Amino acid sequence: MINQANTLFVFIASVLVFFMTPGLAFFYGGMVSKKNAVNTMISVFMITGVAIVLFIAFGYNLAFGKNVGGIFGFSKSFFLNGFDLKSLYSKDSGITILTYLMFQMMFSIITPALFVGAIVGRMKFKFLLAFVVIWSTLIYYPMVHMVWTLGGILAKIGMLDFAGGTVVHINAGITALLLSIFVGPRLGFDPDREVKHYNLPWVLMGTSILWIGWYGFNVGSTLTVSDVATQAFLTTTVATGTSFVVWMFLDMFLREKTNMIGLCTGALCGLVGITPAAGYVTVAGACAIGLICTLASYTFIHVIKPKLRVDDPLDAFGCHGVSGIVGSILTGAFATKIVNPQIENGLFYGGGLHLISAQVLGTLFTIVFVGVMTCAIVLPLKKFIPIRVSREEELMGLDLAEHGEQADYGIKFEEK
């Protein structure tokens, strides 16, 4: 029997997750320089169409098809031929395969969009387009299978990932770090120089949209209207609020100024950190995760990154990579049967070392797998498609060089 309440719940969650991608376009578009705003927003938003076609053509098969070695799925059908979309995906939730497919499709859109923040202002649009297609096929869909299917190798070791700590954030974060290294720093790059942002109100609007959409991300991952869903809503809110406040005070006392970019980055660190743990931890656990993830990301962004001289302009790795890694590991410490009886207790709730060991192992595996596969894609691909724009194009700005458009043409009035 189809559960209509749960079906409607997942529909709404799917819309919220989709809403995150245009929100990310505004967030990233507002943070870059004026001459690269259009390129940045197009680079994010074009993934909506590309990811939808890929997921329907063969992505769902690779992610949720018949298990092959615990690494990916397989089905001979393309464009969902042969799938009974009206059959139940889960008897417990009462939703169909079609409903679950739509929800997972939205995850496949937002995930590659996250690493765009690391390469803004200097990567060829054609290279990015080709990379997204290959990356989704060889990295994203296998990660989904390994973590979120019963036959997946990471699921079998007992690793927990409620809504995408490994599949989404560590995955996109490691990719962002490597892409920023491969494409190289911007011309005249100076880690200590202040960056002029195109539109700070866009940054706030984008952050707000992402925060709202994240409820679809985390709460929707329960697939049911349940106590766990309510808990996921609460822990998502608490962890984000904690991170927001912690980042604000760190800026206030260590840098003497609280700014918009810092506040929004702090909020995102909380959202990222709680993602793998949202349906497994108490409010106290959510506070702890928000606090620790913010301290880790803040330290990396303001202390470690300048010394490494890695040019990740919008801190895609510093936010998603670092907080994703920390949040994934901390899930093994704060997870508890009190919140979700279907899991084992974490380290701080008497569960011993098993769960946290699984979290560490799964996190390390994700880092290595994504790192190796990203290099395996970039190295041959850049021999066929230039990875970086020319010096002249970079100085001109990618809005005009790559798209022939500008974010703000201005209005000129002729005197009569």
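1. Describing the pattern of salt bridges
Throughout the structure, instances matching the rule amount to six salt bridges. Two residues, K124 and E393, come together in a salt bridge whose shortest N-O distance is 3.7 Å. Residue K124 is located in the loop between helix 3 (97-114) and helix 4 (125-148), and its partner E393 is located in helix 13 (residues 391-396); the two are separated by 269 residues in the primary sequence. Given a relative accessible area of 22%, K124 falls into the partly exposed group. When the shortest N-O distance is used, the salt bridge between D315 and K305 registers 2.6 Å. With D315 in the loop between helix 10 (283-308) and helix 11 (316-334) and K305 in helix 10, this residue pair connects regions lying 10 residues apart in the sequence. The buried category is assigned to D315, whose relative accessible area is 13%. A residue is classified by how much of its surface remains accessible, and K305, at 13% relative accessible area, is buried. One network of salt bridges, with partners in common, ties together K124, E393 and E402.

2. Let's talk about the packing of helix 9 (residues 260-274) against helix 11
Running from N to C, helix 9 and helix 11 point in directions that differ by 40 degrees, and their axes come no closer than 8 Å. As judged from the angle between their axes, helix 9 and helix 11 are oblique. As helix 9 packs across helix 11, the resulting crossing turns out to be right-handed. When helix 9 is examined against helix 11, the residues T265, L268, C269, V272 and G273 are found in contact with a partner set consisting of C319, H320, S323, G324 and G327. Looking at the contact of helix 9 with helix 11 residue by residue, the classes come out as four nonpolar, six polar and no charged.

3. As for the environment of G270
If you trace the backbone, G270 turns up in helix 9. Distance in space between the C-alpha atoms of G270 and A286 is 8.9 Å, their sequence separation being 16 residues. Ignoring any residue separated from it by four or fewer positions in sequence, one finds G270 in contact with A239, T240 and S243.

4. Focus: the nonpolar core
With 125 residues, the main nonpolar core has L24, F27, F131 and F217 as its most contacted residues. Broken down by element, the residue count for this core peaks at 15 residues, all from helix 4. If sequence neighbours within four positions are ignored, F27 has contacts with W202, V203, G206, T207, L210, C264 and L268.

Calculation rules
Residues numbered from 1 in each chain as written. Predicted model: local features only at pLDDT ≥ 70, side-chain atom pairs only at ≥ 80, totals over all residues. Heavy atoms only, no water. Salt bridge = Lys/Arg side-chain N within 4 Å of Asp/Glu carboxyl O. Helix = DSSP H or I, 4+ residues; strand = E, 2+ residues; numbered from the N terminus. Buried < 20%, exposed > 50% of the residue type's maximum accessible area, 1.4 Å probe, protein only. Axes fitted to C-alpha atoms, helices over the stretch in contact; angles between N-to-C directions. Parallel < 35°, antiparallel > 145°, perpendicular 65-115°, else oblique. Left-handed = near helix turned anticlockwise from the far one by under 90°. Contact = heavy atoms within 4.5 Å. Nonpolar A, V, L, I, M, F, W, Y, C, P; charged D, E, K, R; others polar. Core = buried A, V, L, I, M, F, W, Y, C linked by side-chain atoms within 4.5 Å.

Don't take any of this as a statement about function, it's just geometry.
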